[in-house]
Amino acid sequence: MDGDDRRKMNGEEKGKTDGDDRGKMNRETMDRKKKVRREAIITALKTASGADFTMSFFVPVKKGEHILDASFLYAAGNFNTVWTRPFASAVFEPETGAVLVYRNCYVDDFADSSSYPMTCRVDYAVPFAKTAEEQGELVKRIQELYFVIRLLPWKESLDEKEKRAAGMYRDSFFKAVPKGLLPFYQALSPEFYEWLGDGFV
């Protein structure tokens, strides 16, 4: 009996397969939970605000010792259309998706209202994608990579795997986000935006 047969009899290969299957199931479960959480957040905010809107990508914000997720809200519409600037922002608890802060920009603006008044119009044309499918792929990649890179801006140094993930996120982010929205991402999370723009050096 050779070594492979003995390993099979000892259940080693089965254990490896079971472990791989459990890992795949865990990843799929986490992905489903993230999707459900985001949909629940959007539903809750739409109910609270009574508005139909699009939600920006999550960006990390550091509050004391905690790293939370933030987003801003803007009118829903065609990306080839000029719309008004974001009208609200929100901060979420990352594990539960609970809304910790909701700011109505007409009352308490997260951005510089002197430079970007509420009457400001924003061009939502995407800078890179030529089709909805291309934009959809970029959006999907950003949402998947976000949970990999969200803690990295506050690390002293990154290993090669983290640098690759951050590089992929940065490339996708600046391809997907309309240029007119970049100042609002910068205002929402200055530390994250600076890290992203500096190339995480």
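Each chain has its residues counted from 1, running along the sequence as written. Selection of residues for local features in this predicted model requires a pLDDT of at least 70, selection of side-chain atom pairs for listing and counting requires 80 or more, and totals for whole chains, interfaces and linings are taken over all residues. Hydrogens and water are ignored here; the side-chain numbers use all heavy atoms of the structure.

Visitor: It is not clear to me how the environment of Asp-52 should be interpreted in this structure. Could you clarify?
Guide: Along the chain, the position of Asp-52 falls in the loop between helix H2 (12-49) and strand S1 (53-55). When accessible area is computed with a 1.4 Å probe and restricted to protein chains, residues below 20% of their type maximum are described as buried, those above 50% as exposed, and intermediate ones as partly exposed. Residue classification places Asp-52 among the exposed residues on the basis of a relative accessible area of 55%. Along the primary structure Asp-52 and Ala-75 are separated by 23 residues, whereas in three dimensions their C-alpha atoms are 6.6 Å apart. Put simply, DSSP marks the helices as runs of H or I at least four residues long and the strands as runs of E at least two long, and each gets a number from the N terminus on.

Visitor: Honestly, helix H4 (residues 160-176) in this entry has me stumped. Any pointers?
Guide: Working note: α-helix, 3.6 residues per turn, so residues spaced by three or four point in the same direction. For H4, with 17 residues, the first-to-last C-alpha span of 24 Å sits near the 24 Å given by 1.5 Å per residue. We call two residues contacting when some pair of their heavy atoms lies within 4.5 Å. Where H4 is buried, its residues touch helix H3 (132-149), helix H5 (182-188) and helix H6 (190-198). Polar contact is defined as a pair of N or O atoms within 3.5 Å, subject to the rule that within protein one atom must be able to donate a hydrogen and the other to accept it, and that residues adjacent in sequence are counted only when both atoms are side-chain atoms. Where H4 begins, the capping side chain belongs to Asp-159, and its oxygen is found 3.1 Å from the backbone nitrogen of Lys-161. Multiply 1.5 Å by the residue count of a helix minus one, and that product is the helix's expected span.

Visitor: Explain the pairing of strand S5 (residues 88-92) to me, please; I cannot follow it from the model alone.
Guide: Two faces make up the sheet, and in a regular strand the side chains alternate between them. Across the five residues that make up S5, a large majority, five, are buried. Neither face of S5 is exposed, since Ala-88, Ala-90 and Phe-92 on one face and Ser-89 and Val-91 on the opposite face are all buried. The pairing criterion for strands is at least two bridges between them, as found by DSSP. Where strand S3 (residues 66-75) lies against S5, five bridges are found, and the strand directions are antiparallel. Residue pairing across strands places Leu-73 opposite Ala-88, the latter belonging to S5. In the sheet, S5 pairs with strand S6 (residues 99-104) via five bridges, with the strands oriented antiparallel. Bridge pairing in S6 places Phe-92 opposite Val-99. In textbook terms, the turn of a hairpin is the stretch between consecutive antiparallel strands, and for S5 and S6 this stretch comprises six residues, one of which, Gly-97, has a positive phi near 80 degrees.

Visitor: What exactly am I supposed to notice about the packing of H4 against H6 here?
Guide: Two packed helices can be described by the angle between their axes and the distance between those axes. A fitted line through C-alpha atoms represents every axis, and for helices the fit uses only the stretch in contact; the resulting angles, taken between N-to-C directions, go from 0 to 180 degrees. Closest axis-to-axis distance for the H4/H6 pair is 10 Å, and the angle between their directions is 100 degrees. Put simply, H4 runs roughly perpendicular to H6. Listed contacts from H6 to Ala-166, Tyr-169, Arg-170, Phe-173 and Phe-174 of H4 are Phe-192, Tyr-193, Trp-195, Leu-196 and Gly-197. Oblique is the label for any angle not under 35 degrees, not over 145, and not in the 65 to 115 range, which are roughly parallel, roughly antiparallel and roughly perpendicular in turn.

Visitor: So what exactly am I meant to see when it comes to the side chain of Asp-109 here?
Guide: For Asp-109, the position within the fold is in the loop between S6 and strand S7 (121-123). One polar contact links Asp-109 to Arg-85, side chain to side chain, over a distance of 2.7 Å. Side-chain polar atoms of Asp-109 contact the backbone nitrogen of Ala-111, separated by 3.1 Å. Excluding anything up to four places from it in sequence, Asp-109 contacts Arg-85, Arg-103, Asn-104, Tyr-116 and Met-118.

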